[in-house]
Amino acid sequence: MAGQVTERRDTPMMRWIPCRIETPTAIALGVLLLTDALRVFLPSLITLYGRAGETPPEQMGIFAALWFVLPFAAVPIARVTRARPIQLCGAVLLVAARLVLQTADGGDLQLYVSAAGVCAGLFFLYGTARTAAREAVPVGLAAGLAVSVVAHLLLDRVDLVWRDGPLPWLAVTAVGVAFLAAVRLSPPSAGDLAPAAVWFLFGPVLLISGMTTGAVLFPGDVWEQHPAALTALGVALHVVALCWGVVVARTSGWVWWTVILAVATVAWTVTPASPSTLVVPLALGGCLRLAAAARTAPDRAPRGGGAVLGGMVVFLVGTFLYYAAYDTDLGFPNFVVPIAAAVLVAGTSAKVSRRRPVTSARWPVGRWLPASLALAALAAVLTWQPTPDEREATRPEFTLIAYNIRMGFGLKGRLDLDRMAGWAREQRPDVVLLSEVDRGWMLNGGHDDLARISRGLGMRYYFAPAADRLWGDALLTNLPVRQVVSHPLGGHDHPTGAQAQAIVLTVGGREVGIVNTHLQAPPGQAPEAAAVVRALAEPKGGTTRPVLLAGDLNTTPDDPEMRVLSAAGLSDPLLSLGDPPTSPADAPVKRIDHVLLGPGLRAVEARVPRVPFSDHLPVVVRLRLD
């Protein structure tokens, strides 16, 4: 009947959140799509625009900053129009970019569309900051970050954007439609907007959350053979804790939340990829809640739009500083970056909570506990994989692959971990040696390269940290392994660390030594690697053992460093086979990837296949014990 007013009834979900569900849903799905674009844009900067170090870092930084600065154009636009059109246009462009990324096959299209997606996402957040109700903001931001990482985990850290076929396309389309519908239905706030502080904190919170949730939890020899279930459980609890922080935070407890964030972040920097990261998101959620709880003074206009853009500039600067330290001496250790971000988050939330009047809201904690536990259990079940069985080699022969995988990104800039594992499986290797293995760097998209390749090959793996606990070299094999020791190599004025992984395994009942390394400063590190070879070849007891040295040595056969390795008794089987080059993969001109053999080992076959899964070509050898 015309003029009749229908009473709005709250659903159970609405009673969980003290605001209409459409607004936090729109924020959460927008954050989900934005992080999807970031997980493509950041590695594309390295592999496509930067060509893994060929582009000057300042040029790459300016290109990246461009897409974070462009959204500041929304500030003058908002002076001549309302914020709502900016929000809607940003949302539509974000969905369009995400759909194009699902069909892009790498290359410049992937680089520029992902950049445009990040830019559109920031336009959306700017418009949302000028229209969203205060109580919806911390819920939406925390839920968006949590959903993003949970989805990333349940997909075994290989996001839908890297998957082919109709199902990923349908899933992305459904998320995009739901996002646009939530944005369209979200009512603009009547004036009770979130303070600028909570929007500013989104950038630093995204930085810390992205770095810590990408970590492989529970490291160690025992957990390395059971990577999926325990990692899934830990990360699921980690991201649930982010929402829990929003749920249980109380403005009177600002000291607790800020202190615990600072302590937990310092603990993470000391032992990254450890269970201490479970505390970080809890405090992050609490700080978001504290910052959003304060009311903006009536005589001051809300400035959340500019604040969220400024916070994302902090995210970009922090990201570049942290990861640039692996290639450039910044004059300070990079662990300062997450600590500084944590201090910024804690200090901002504490200042707002103490100086402004706050309001409290009912948060039904008991209803969240079953959902949290169910989510963690689901993550453990969906990502479970059995441990491969150990297998004896009956003959004194084995096939070995040495490959610098460039974090799993192929020549077109696409994540090729599955294609790489499929190709390697066809070679029927007994041992696989990998360089540039990423275990969760946010800059590379937060993937666990080693666990994914291990699953594709059906092999056990042994990781050797180099630059940090999330970056290094690895050996995969199902042969019996008797010894695994990682020897740190000297820096020799090179900022990125290196190591020599010394392994002893048995082939046909005989022990074989393998030294797996990726030399970063060959003039100084080659003698150290040679010393590891000699020690492995001459164990205590007077016996000798055949040993090989393999990996990306950043050394050609004509370099002086190769003579140092030859003096350790190592020979190069590829010299008699035409000395095939291995780098760069698309037009190789030099061989810097090697499998060098000591006495007692002979190459039956050796080749360098032309495959496009990295910027290096792999070396495949069939070896026999004499």
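Only a predicted model underlies this, so the values are computations on that prediction, with no experimental measurement involved.

We now examine the overall build of the chain. Tallying secondary structure elements over the chain gives 20 helices and 11 strands in all. Sorting the 626 residues of the chain into buried and exposed places 58% on the buried side. The contacts of the chain with a sequence gap of at least 6 include a subset with a gap of at least 24, amounting to 79%.

It is worth spelling out the nonpolar core at this point. Membership of the largest hydrophobic core comes to 128 residues, with the highest contact counts inside it found for Phe41, Trp199 and Phe202. Looking at which element gives the most residues to this core, the answer is helix H2 (residues 22-49), with 16 residues. When neighbours within four sequence positions are excluded, Trp199 is seen to be in contact with Ile27, Leu125, Thr128, Ala129, Val137, Leu141, Ala194, Gly304, Ala307 and Val308. Core analysis: the second largest hydrophobic core is formed by 29 residues, Val431, Leu475, Ala606 and Val619 among them.

A few words now on the packing of aromatic side chains. Here the structure, examined in full by the defined rule, presents 13 aromatic pairs. Between the aromatic rings of Phe63 and Trp67, the centroid separation amounts to 6.1 Å while the plane-to-plane angle is 75 degrees, which identifies the pairing as edge-to-face. Taken as a pair, Phe63 and Trp67 lie in helix H3 (residues 57-69) at a separation of four residues, close to a single helical turn. For the residue pair Phe63 and Trp67, the accessibility class agrees, reading buried in each case. Look at Tyr326 and Trp441: their rings are 4.6 Å apart centre to centre, the planes differ by 35 degrees, and that puts the pair in the tilted class. Here the residue Tyr326 occupies a position in the loop between helix H14 (304-324) and helix H15 (336-355), and Trp441 occupies one in the loop between strand S2 (431-438) and helix H18 (449-457), the gap between them amounting to 115 residues. Here Tyr326 falls in the buried class, since its relative accessible area comes to 8%. Counting every residue linked through ring pairs, the aromatic cluster contains Tyr322, Tyr323, Tyr326, Trp441 and Trp471. The ring centre of Phe463 lies 4.9 Å from the NZ or CZ of Arg439, which sits over that ring.

On to the sheet that holds strand S9 (residues 593-597), then. Strands sit in the order S5-S6-S7-S8-S9 across an open sheet of five strands; the sheet is mixed. Of all the strands in the sheet, just strand S5 (481-489) and S9 have a single pairing partner and so form its edges. Recorded for the sheet is a direction-independent mean angle of 15 degrees between the axes of neighbouring strands. Each of S5, strand S6 (498-507), strand S7 (510-517) and strand S8 (547-552) touches helix H19 (residues 522-537); the most contacted strand, S6, lies at about 25 degrees to it.

In the predicted model, the chain carries a mean pLDDT of 86, and the fraction of residues at 70 or more is 87%. Long-range and interchain partners of residues 357-363, a stretch whose pLDDT sits below 50, account for 24 contacts in this model, where long-range means more than four residues apart.

Our next topic: the pattern of salt bridges. The final tally for this structure, using the stated rule, is 24 salt bridges. Among the ionic pairs, Arg134 bridges to Glu135, the shortest N-O distance being 3.3 Å. Across this residue pair, the class does not change: Arg134 and Glu135 are buried. Residues participating in the shared-partner salt-bridge network are Arg391, Arg395, Glu397, Asp430, Arg622 and Arg624.

With that settled, the discussion passes to the sheet that holds strand S3 (residues 460-468). What the six strands build is an open sheet, ordered S3-S4-S2-S1-S11-S10; its pairing is mixed. Every other strand in the sheet has two partners, leaving S3 and strand S10 (601-607) as the edge strands with one partner each. Within the sheet, the average angular offset between the axes of one strand and its neighbour, ignoring direction, is 20 degrees. Pairing of strand S1 (residues 397-404) with S2 involves five bridges; the strand directions are parallel. In the sheet register, Leu400 faces S2, and the bridge partner there is Val431. Of the strands in this sheet, S2, S3 and strand S4 (471-477) are in contact with H18, which crosses S2 at around 155 degrees.

What follows deals with H18. Judged by how many residues are buried, H18 sits mostly within the fold: seven of nine residues are covered. Of all the residues in H18, the buried ones are Asp449, Leu450, Ala451, Arg452, Ile453, Ser454 and Leu457. At the exit of H18 stands Gly458, carrying a positive phi of roughly 65 degrees.

Okay, empty space enclosed by the protein next. The tally for this structure, following the rule as stated, stands at eight cavities of 30 Å³ or more. In this structure, the largest cavity occupies an estimated 230 Å³ of space. What lines the largest cavity is a set of 17 residues, among which Thr35, Arg39, Leu206, Gly210 and Met442 lie closest to the centre. Looking at the lining of the largest cavity, the elements with two or more residues in it are H2, helix H7 (136-154) and helix H9 (196-213). Counted by class, the lining of the largest cavity contains seven nonpolar, nine polar and one charged residues.

Basis of the calculations
Residues numbered from 1 in each chain as written. Predicted model: local features only at pLDDT ≥ 70, side-chain atom pairs only at ≥ 80, totals over all residues. Heavy atoms only, no water. Helix = DSSP H or I, 4+ residues; strand = E, 2+ residues; numbered from the N terminus. Buried < 20%, exposed > 50% of the residue type's maximum accessible area, 1.4 Å probe, protein only. Contact = heavy atoms within 4.5 Å. Core = buried A, V, L, I, M, F, W, Y, C linked by side-chain atoms within 4.5 Å. Phe/Tyr/Trp six-rings, centres within 6.5 Å; stacked < 30°, edge-to-face > 60°. Lys NZ or Arg CZ within 6 Å of the ring centre and 35° of its normal. Pairing = 2+ DSSP bridges. Axes fitted to C-alpha atoms, helices over the stretch in contact; angles between N-to-C directions. pLDDT = per-residue confidence, 0-100. Salt bridge = Lys/Arg side-chain N within 4 Å of Asp/Glu carboxyl O. 1 Å grid on protein atoms, 1.4 Å probe; cavity = no way out; pocket = protein on both sides within 12 Å on 5 of 7 lines; lining within 4 Å. Points joined across faces, edges and corners; volume = space filled by probe spheres on them. Nonpolar A, V, L, I, M, F, W, Y, C, P; charged D, E, K, R; others polar.

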